[in-house]
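Chain by chain, the residues run as shown.
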Amino acid sequence: MLRFVTEPRRTPDKRAPELRREDFEEIYAGFQERQAEAQASRCSQCGVPFCSSGCPLGNHIPDWLRLAAEGDLREAYELSTATSNMPEICGRICPQDRLCEGSCVIEQSGHGTVTIGAVEQYITDNAWKNGWVKPVTPKRERDQSVGIVGAGPAGLSAADQLRHLGYKITVYDRYDRAGGLMIYGIPGFKLEKDVVARRVQRLQDSGVEFVQNADVGGTLPFSELREKHDAILIATGVYKARDLSVPGAGSKGVIRALDYLTASNRKGLGDAVPDFDSGEMDARGKRVVVVGGGDTAMDCVRTAIRQDAASVTCLYRRDRENMPGSAREVLNAEEEGVVFRWLSNPKSVLGEAEALAGVRVARMRLGPPDQSGRQSPEEVPGEDADLDADMVIKALGFSPEDLPGAFGEPDLALTRWGTLKADPSSFETSLPGVFAAGDIVRGASLVVWAIHDGRKAAAGIHDFLRAGEMPHGVATVGEQSTRYDPRVQEPVAAK
C-alpha cells in the first residue's frame, strides 16, 4: 500500500472516440489484474477514510482496496457486497468524482485520487466470472410477504435485503423488464443491459417474484396489494418530466429526454419502436439541441452522437464549474464531438408548430448567490443568438407523479415538493405498513442513493414486521425492538 507517490493514477483503457461513437457498448475496457492491484495499492489507508464518508452507502473502501491490492479478490468481494447490493453497477455509473474519489485524501494532496470506481467494478465482475455471486439462501423462511412497487435500484436492493431475511417478496413494475431507469434510462455505453439483467436473474433464482407490466393503481388496485401483503414498499421513482416553459415549446420535434432515451434503449434491446422507426425519436442526420446540465442531458447528447446526428449542442444556463452532471461525462461527450454552450438558456423555439427551425438562445451571467449559496443565472440583455435545430430534447429533470391520486390513497401524505413523506429512520409513510424509498422520497437523485434508501427501508420493514407479526391489513405499528446491522443478515439486539 501507500504507493501513490511512485505509482501514478491510471484509469481503465478507454476506447477511441471515433470507435465508441459507432456503437452503444461500454467505453471503458475495465482493469486487468495487475492494473487493478497497482491502482488499489495507491490507497494511503488513512485513519479517517473520507472516501467511505463520501460514499452514500458507507462502503468499506480502504479495506477492500487493500484486499484487492493483495490479490484476495474473494474476500474483497464479500466485504464490498456487505454494504452494496450492486457494486459493479455503482462502479460503472456513480459520479465518483463527486463522491468517494472526490473525497480521497491523496487527491487533496495533489497525487491524484485512487481509481476507486474502476477497482470496485473489477472486484465484482471477477466475482461473477468466478461464480462467487450466488442466489440468496435465507437462514430461515418467514410466512410474511412484502410487495414492492417499482423494480429500479431502490426496489431491487430492498428485495435483496428482505429476501436475505427470509420474507416472501413480489416486485410489481410498470415496464416489461425489471431494472427501471437502469434498463430504459441509462444508455448501454455507460451500463450494458446484461449487467443489470444478471442482478435481476439472481433475485429470481433467489425466489423473488416479478410481475411486469403491472398497472398499480389501475387494473391492479393499490388496496388489493395492501390486502395481499403484510407490508408494501413504494419505490416507483420520479418520471414526470419538467417542461420547457418558453414560446414554441410544444412544437413537433421538441421531445422529453426520458422518451428519447427509452426509445433508444428499447431499439437496442430489439423491441419494435414505432416512434423511433418513424424518425421522431431518431437523431440521425438532425441538428440536435439538448437543454440541461445533468447526467440525463449527458446521456442524451452522447446517444444522439451514436445515432449519427448532424450536430449535437448542449445548452446549460450556468458555467462548466456549476454543472450538476459528472465532469467525467462532460469530458467524454466533448471527446465524442458534443458542443457545449455554457451560460446559455433557451428563450424560444423557432419555426412552425409542425416544422421546427431552431432555438433562440439568451446569453446568461451568474448573479448573486441564492438561498442555497449557488449563484443564480440571469439574462444578459441584447445578446440573444439563434441556433439551428431539427430536434430539441428537454433534459430539465423529473418531478414526482401524483401517487395519492393514482393509487386511490388520499391519505398518502406528500412533502411540499410532491414527493412521498416518509419517516427518516424507518421510511414508513403516513399509511401504516406502507413504506417508500428512492427518488419518490428524496426527489430525482443517483442510483447509489436509491440503493442506500432501499436498504434502509428494508430495515424499517423488517422492524415493523418483527414488532407485531401482524396479519394482513392491520393498521398499527408496534415499537421497534431490534436494530438492523446492514453487514449481517439477521437483526442485532438493540443496545
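Up top you'll find the structure we're talking about.
This report concerns the structure included in the present document. In this text, all values refer to a predicted model and were calculated from it rather than measured experimentally.

Inspection of the entire model under this criterion finds 35 salt bridges. The partner of Glu336 in a salt bridge is Arg302, with the nearest N and O atoms 2.8 Å apart. Here Glu336 is found in the loop between helix H16 (327-335) and strand E9 (339-341), whereas its partner Arg302 is found in helix H15 (residues 295-306), with 34 residues between them in sequence. Across the pair, exposure class does not vary: Glu336 and Arg302 are buried alike. Salt bridges sharing common partners tie together Lys14, Arg20, Arg302, Arg306, Glu329, Glu335 and Glu336.

Applying the stated rule across the entire model yields six aromatic pairs. Residues Phe340 and Trp342 carry aromatic rings whose centres are separated by 5.0 Å and whose planes lie at 10° to one another, so their mutual orientation is stacked. Like Phe340, the residue Trp342 is buried in the burial classification. Members of the aromatic cluster, joined through ring pairs, are Tyr175, Tyr184 and Tyr239. Between Arg142 and the ring centre of Tyr167, over which it is positioned, the NZ or CZ distance is 5.1 Å. Between the NZ or CZ atom of Arg306 and the centre of the ring of Phe189, over which it lies, the distance is 4.1 Å.

On to the side chain of Ser52, then. Structurally, Ser52 is set in helix H3 (residues 50-53). Residue Ser52 is classed as buried on the basis of its relative accessible area, which comes to 12%. Those residues in contact with Ser52 that lie beyond four places of it in its chain are Gly58, Asn59, His60, Ile61 and Pro62.

This part is about helix H2 (residues 33-40). Within the sequence span of H2, burial applies to Ala36, Ala38, Gln39 and Ala40. Contact partners of the buried residues in H2: helix H4 (61-69) and helix H8 (116-129).

Each regular strand carries side chains that alternate between the two faces of the sheet. Summarising the sheet, strand E10 (residues 344-352) and strand E11 (residues 355-369) pair through eight bridges and their orientation is antiparallel. Across the sheet, Leu350 pairs through a bridge with Gly358, a residue of E11. Here E11 pairs with strand E13 (residues 385-388) via four bridges, running antiparallel. What sits directly across from Arg360, in E13, is Asp386. In the sheet, E11 pairs with strand E12 (residues 375-379) via four bridges, with the strands oriented antiparallel. Within E12, the residue paired with Met364 across the bridge is Glu379. Taking the residues between adjacent antiparallel strands as the criterion, E11 and E12 are bridged by five residues, where Gly373 takes a positive phi near 95°.

What follows covers empty space enclosed by the protein. In the structure shown here, the tally under the stated rule is three cavities of 30 Å³ or more. The calculated volume of the largest cavity comes to roughly 110 Å³. Lining the largest cavity are 14 residues, with Cys55, Asn59, Cys94, Cys100 and Glu120 sitting closest to its centre. When residues of the lining of the largest cavity are traced back to their parent elements, those giving at least two are H4 and H8. Partitioned by chemical class, the residues of the lining of the largest cavity number eleven nonpolar, two polar and one charged. Its boundaries defined by the atoms lining it, the second largest cavity holds a volume of some 90 Å³. As for the second largest cavity, its lining consists of 14 residues, of which Cys43, Ser44, Cys46, Cys51 and Cys104 are closest to the centre. At the level of secondary structure, the elements contributing two or more residues to the lining of the second largest cavity comprise H3, H4 and helix H7 (105-108).

Two pairing modes exist for strands in a sheet, parallel and antiparallel, and in both the strands are linked by backbone hydrogen bonds. If you walk across this open sheet you meet the five strands as E6-E14-E7-E8-E9, and the pairing is parallel. At either margin of the open sheet sits one strand with a lone partner, and together these are strand E6 (254-256) and E9. With direction set aside, neighbouring strand axes in the sheet form an average angle of 25°. Bridge count between E6 and strand E14 (residues 391-394): three bridges; the pairing is parallel. By the bridge assignment for E14, Val254 is matched with Val392. Relative to E6, helix H13 (residues 257-268) is tilted by about 75°, and along the sheet it contacts E6 and E14.

The rules behind these values
- Residues numbered from 1 in each chain as written.
- Predicted model: local features only at pLDDT ≥ 70, side-chain atom pairs only at ≥ 80, totals over all residues.
- Heavy atoms only, no water.
- Salt bridge = Lys/Arg side-chain N within 4 Å of Asp/Glu carboxyl O.
- Helix = DSSP H or I, 4+ residues; strand = E, 2+ residues; numbered from the N terminus.
- Buried < 20%, exposed > 50% of the residue type's maximum accessible area, 1.4 Å probe, protein only.
- Phe/Tyr/Trp six-rings, centres within 6.5 Å; stacked < 30°, edge-to-face > 60°.
- Lys NZ or Arg CZ within 6 Å of the ring centre and 35° of its normal.
- Contact = heavy atoms within 4.5 Å.
- Pairing = 2+ DSSP bridges.
- 1 Å grid on protein atoms, 1.4 Å probe; cavity = no way out; pocket = protein on both sides within 12 Å on 5 of 7 lines; lining within 4 Å.
- Points joined across faces, edges and corners; volume = space filled by probe spheres on them.
- Nonpolar A, V, L, I, M, F, W, Y, C, P; charged D, E, K, R; others polar.
- Axes fitted to C-alpha atoms, helices over the stretch in contact; angles between N-to-C directions.

Purely geometric stuff here, so don't read any function into it on its own.
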